[in-house]
Amino acid sequence: MSSPPPNSVSVGKLDPAAEPPVSGPFDEAPLVARAKAGDMSAFSDLVKHYDRRVFRMAKQITQNDDDAEDVLQETFLKAYTHLGDFQGNSKFYTWLVRIAVNEALMKLRKRRSSRTVPLDEPIDTGEDEVVREIAVWDENPEQQYSRDELGSILEEAVESLKPAYRTVFILRDIEEMSIEETAEALDLSISAVKSRLLRARLQLREKLTRLFKRKGDDAFAYL
Amino acid sequence: MTRLLTCKRFLQELTDYLDETLDPEVRSELQRHVNECPNCWVICNTTEKTLKVFKGMEAKPVPEAIQKRLLDALEKRIAERGPICEKKPQA
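About the thresholds
- Residues numbered from 1 in each chain as written.
- Chains lettered and ligands numbered in written order.
- Predicted model: local features only at pLDDT ≥ 70, side-chain atom pairs only at ≥ 80, totals over all residues.
- Heavy atoms only, no water.
- Helix = DSSP H or I, 4+ residues; strand = E, 2+ residues; numbered from the N terminus.
- Contact = heavy atoms within 4.5 Å.
- Areas by Shrake-Rupley, 256 points an atom, 1.4 Å probe, with all protein chains shown as cover.
- Buried < 20%, exposed > 50% of the residue type's maximum accessible area, 1.4 Å probe, protein only.
- Buried area = accessible area lost by both parts, 1.4 Å probe.
- Salt bridge = Lys/Arg side-chain N within 4 Å of Asp/Glu carboxyl O.
- Axes fitted to C-alpha atoms, helices over the stretch in contact; angles between N-to-C directions.
- Parallel < 35°, antiparallel > 145°, perpendicular 65-115°, else oblique.
- Nonpolar A, V, L, I, M, F, W, Y, C, P; charged D, E, K, R; others polar.
- Disulfide = S-S within 2.5 Å.

### Some thoughts on the overall build of chain A
Counting its secondary structure elements, chain A contains eight helices and zero strands. Order of helices (α) and strands (β) in chain A, N terminus to C terminus: α-α-α-α-α-α-α-α. Summarising the internal contacts of chain A: among those between residues at least 6 apart in sequence, 72% fall at separations of at least 24. For chain A, the exposed surface amounts to about 11,000 Å²; the carbon and sulfur share of it is 48%.

### Section: the overall build of chain B
For chain B, the count of helices and strands is five helices and zero strands. For chain B, the N- to C-terminal ordering of α and β elements is α-α-α-α-α. Counting across all 91 residues of chain B, residues that qualify as buried make up 43%. Within chain B, residue pairs in contact and separated by at least 24 positions form 51% of the contacts whose partners lie at least 6 positions apart.

### What about the side chain of Thr94(A)?
Residue and element names in this part refer to chain A. Along the polypeptide, Thr94 turns up in helix H4 (residues 92-111). A residue is classified by how much of its surface remains accessible, and Thr94, at 3% relative accessible area, is buried. Apart from the residues within four sequence positions on either side, Thr94 is in contact with Met177 and Glu181.

### Some words on the interface of chain B and chain A
Often the size quoted for an interface is simply the accessible area lost on bringing the parts together. Counting residues at the interface gives 45 residues for chain B, matched by 62 residues for chain A. Summing both partners gives a buried area of about 5,400 Å² for chain B against chain A, and 67% of it is carried by carbon and sulfur. Taken together, the links from chain B to chain A amount to five salt bridges. In this structure, Arg69(B) and Glu69(A) form a salt bridge, with 2.6 Å as the shortest nitrogen-oxygen distance.

### What to know about the packing of helix H6 (residues 163-174) of chain A against helix H4 (residues 38-55) of chain B
At their nearest, the axes of H6(A) and H4(B) sit 10 Å apart, and the two run at 80° to each other. Taken together, the axes of H6(A) and H4(B) are roughly perpendicular relative to one another. Here Phe169(A), Asp173(A) and Ile174(A) of H6(A) come into contact with H4(B), specifically with Leu51(B), Phe54(B) and Lys55(B). Broken down by class, the residue content of the contact of H6(A) with H4(B) amounts to four nonpolar, no polar and two charged.

### Looking at H6(A)
All names here are of chain A. Burial analysis of H6 places 12 of its 12 residues in the buried class, which makes it a mostly covered element. Taken together, the buried positions of H6 are occupied by Pro163, Ala164, Tyr165, Arg166, Thr167, Val168, Phe169, Ile170, Leu171, Arg172, Asp173 and Ile174. Directly beyond the C-terminal end of H6, a positive phi value near 60° is found at Glu176.

### Side note on the state of the cysteines
All told, the structure shown has zero disulfides over all chains when counted by the stated rule. With no disulfide of its own, Cys44(B) lies 8.5 Å from the sulfur of Cys40(B), the closest cysteine sulfur.

### Some details on the pattern of salt bridges
Inspection of the entire model under this criterion finds 20 salt bridges over all chains. A salt bridge links Asp173(A) to Arg201(A), with the nearest nitrogen and oxygen atoms 2.8 Å apart. A residue pair is termed long-range when its members are at least 10 positions apart, and Asp173(A) in helix H6 and Arg201(A) in helix H8 (residues 190-212) qualify at 28 residues. Note on accessibility: Asp173(A) and Arg201(A) belong to one class, buried. One salt bridge connects Asp16(B) with Lys194(A), and the closest N-O pair in it is separated by 3.1 Å. Of this pair, Asp16(B) sits in helix H2 (residues 14-19) while Lys194(A) sits in helix H8, which puts the two residues in different chains. Note on Lys194(A): relative accessible area 27%, which makes it partly exposed. One continuous salt-bridge network, built from bridges that share partners, spans Arg172(A), Asp173(A), Arg201(A), Asp19(B) and Lys55(B).

### So, the packing of H8(A) against H4(B)
For the pair H8(A) and H4(B), the least separation of the axes is 9 Å and the interaxial angle reads 90°. Judged on the interaxial angle alone, H4(B) and H8(A) are roughly perpendicular. In contact with Arg201(A), Leu202(A), Leu204(A), Arg205(A), Leu208(A) and Thr209(A) of H8(A), H4(B) contributes Ile43(B), Thr46(B), Thr47(B), Thr50(B), Leu51(B) and Phe54(B). Split into classes, the residues belonging to the contact of H8(A) with H4(B) amount to six nonpolar, four polar and two charged.

Below, the structure is given as structure tokens:
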């Protein structure tokens, strides 16, 4: 009797109850190799390890739960369909993020008129106006809030940014991609990424300073 | 006048300063400025803290119903297309 072809291994039901392997640092490479060889349980582990981050990113970019779910599904369906083409030149997660960002931006573009495509908006690079709050923070101000409250504060702050700034901030400072990876994922130049990132960081600093500044520092200014 | 210009320059370089991607010479010049300018020190310090707060946030699990629909969609795709076939380099 001949052996089964390699692609027929482990093609079983994807078990939603199965926990992804979380002990120790996550090493995606062996799972990617197994998934490429046809092991669906390995692909399922990758889905369960990354689905929450893809979903969060999709929600932050689209700001819509239904769109975020569509983005989540499309991202993993495309990843599954094209995994055979994944050459491993970047991390699997970076590749996944690129798919997710494209899907999320397509959703945004569909929702807006063609005259206001968010990533094509002219970017004001003047930094002066975004530095109004100059006050030191309380020691560990985040501890004044519950985890959920703080999560909501941060989500709201990110969602208040313009899409062009928000997307760059999410990739660089939340997903911790490099400047180069962010530029590649968004098809932007390095200098455009840096300029948008600066703007996003300063705007978020401004918003959080209003909440976290040390009491009595309202009139704090040195100049 | 010089100080205002330097503050503006400091802000322009803030991203690279925080990401530690500047040439050592430029970095030490900015370091000197931030040590002498209280406003820039506060902006730098609070921007750094802003980034730290965001980095500490873990993504919440995907709601069960959404995860189930995702896995169902994948099952369906697998049934339609079969398992992943890795492309072999052409001979």
